[in-house]
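Architecture at a glance
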Amino acid sequence: MVIQVVSGTRRGARRGSRKKTPWLRHLARLVLVIIGALLVSIVIFRFVNPPITSVIALNKLKGATVRQHWVPLKDMSRNLPLAVIASEDGRFCLHWGVDWSAVKEAIDEGGGLAGFRGASTIPMQTAKNLYMWNRRSYVRKIIEAPLAYLITLIWPKERAMEVYLNIAQFGPGIFGVEAASRHYFGKSASKLTRREAVLLAVALPSPRTRNAAKPNVRMLRIANAVERRLPYIAKRADCILPQR
C-alpha cells in the first residue's frame, strides 16, 4: 500500500510538472521547426534564387517601391566583387563565414564588445539580408554567425557573392547591383568601371545616406582607400575570380 501511494504521488508530481511547463515544449518545438526551415531554405537557395528577402519584405510592408533585377555573377563587371571584398570583407576567400581576426580588431578599436557589430563578413550580411532586419543589435549578430557558417558550408563562395550582390541594399528601395547600376549610373552592372564599382561598394554600409552617384567628401576618401586596395585584393580573390 505504501509503495502504491508513493508511486502514485510520483506519477502525480510528474503530471503536474508537465502541466506547468507545456509552453517550454511548445517553444522548443517551434525553435526546432524554425531551425529546420532555415536549413532547408539555405540548401534550396544554393540552387534557386531567393524570391524575396526579409529586408525587401519589410520595405514592401512599409509601402516602399522596390527595384531589383537578378543577374548572375558572370554577367557582372569583374570590378564589382573585387570592390565589395576590398570594402566589406578582405578575407572573404579565407574564412568560413566569420572572420574572427576582424572581430578582434573591431572589438579592440571599438573599445569593447560594441566593436563586434562592425565586423560583419559577406556571409553574415547575406544572412542578415535574407532572414533578418537592418537595425543593428547583439541579438542579430548572435543569429548571423551560425547562419553565416551554414551558408559558407553549403554554398560555394561564388554563390555567396552572387546572392549577396543581388539582395544587398544600395539605396532607398534599391536592391541588387543591377538595379543600383541602372539607377546611379544608367548602365548595366556588366558595364561598370572600376571607380563606379568602388562607389557602389562604399555605399553598402549606409545605403540610405550614401549616394554612389553623388559621393560626399567622406565617401570619396573611403572610396580612394578601397580603390588602392584592389590590386592586392585581386591576388586573393581566386575563390570567385580566375587569375588572369
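A brief report on the enclosed structure follows. Throughout, residues of each chain are indexed from 1 in the direction in which the sequence is written. pLDDT decides what is reported in this predicted model: residues at 70 or higher carry local features, side-chain atom pairs at 80 or more are listed and counted, and totals for whole chains, interfaces and linings draw on all residues regardless. Each side-chain value is worked out from all heavy atoms of the structure, with water and hydrogens disregarded.

**Points about helix α4 (residues 79–88)**
Defined as follows: Residue burial is assigned from relative accessible area. The probe radius is 1.4 Å, only protein chains are included, and a residue is buried under 20% of its type maximum, exposed over 50%, and partly exposed in between. Helix and strand definitions follow DSSP, with helices as H or I runs of at least four residues and strands as E runs of at least two, each counted in order from the N terminus. A contact between two residues is defined here by any heavy atoms of the two lying within 4.5 Å.
For α4, the buried fraction is high: eight of the ten residues fall into the buried class. What α4 keeps buried is the set Leu80, Pro81, Leu82, Ala83, Val84, Ile85, Ala86 and Glu88. Of the surrounding secondary structure, the elements contacted by the buried residues of α4 are α6 (122–131), α8 (157–167), α9 (177–185), α10 (194–203) and α11 (217–234).

**A closer look at the side chain of Asn166**
One can find Asn166 in helix α8. For Asn166, a relative accessible area of 0% gives the class buried. Setting aside its immediate chain neighbours within four residues, Asn166 contacts Gln68, His69, Trp70, Val71, Met76, Phe175 and Gly176.

**With respect to the state of the cysteines**
The cut-off we apply is this: In what follows, a disulfide is any cysteine sulfur pair within 2.5 Å.
Evaluation of the coordinates by the stated rule reveals one disulfide. Each sulfur of the disulfide joining Cys93 and Cys239 lies 1.9 Å from the other. Its torsion about the S-S bond being -65°, the disulfide of Cys93 and Cys239 is classed as left-handed. Taken together, the residues Cys93 in the loop between α4 and α5 (100–110) and Cys239 in the segment after α11 connect sequence positions 146 residues apart.

**Overview of the packing of aromatic side chains**
Keep this limit in mind: Ring pairs are drawn from Phe, Tyr and Trp, using the six-membered ring of Trp, whenever the two centres fall within 6.5 Å, and their geometry is named by plane angle: stacked under 30 degrees, edge-to-face over 60, tilted for the rest. Charge-over-ring contacts are defined here by two conditions on Lys NZ or Arg CZ: a distance within 6 Å of the ring centre and an angle within 35 degrees of the ring normal.
What the rule picks out here adds up to zero aromatic pairs. Looking at Lys157, its charged tip hangs above the ring of Phe92, at a distance of 4.7 Å from the centre.

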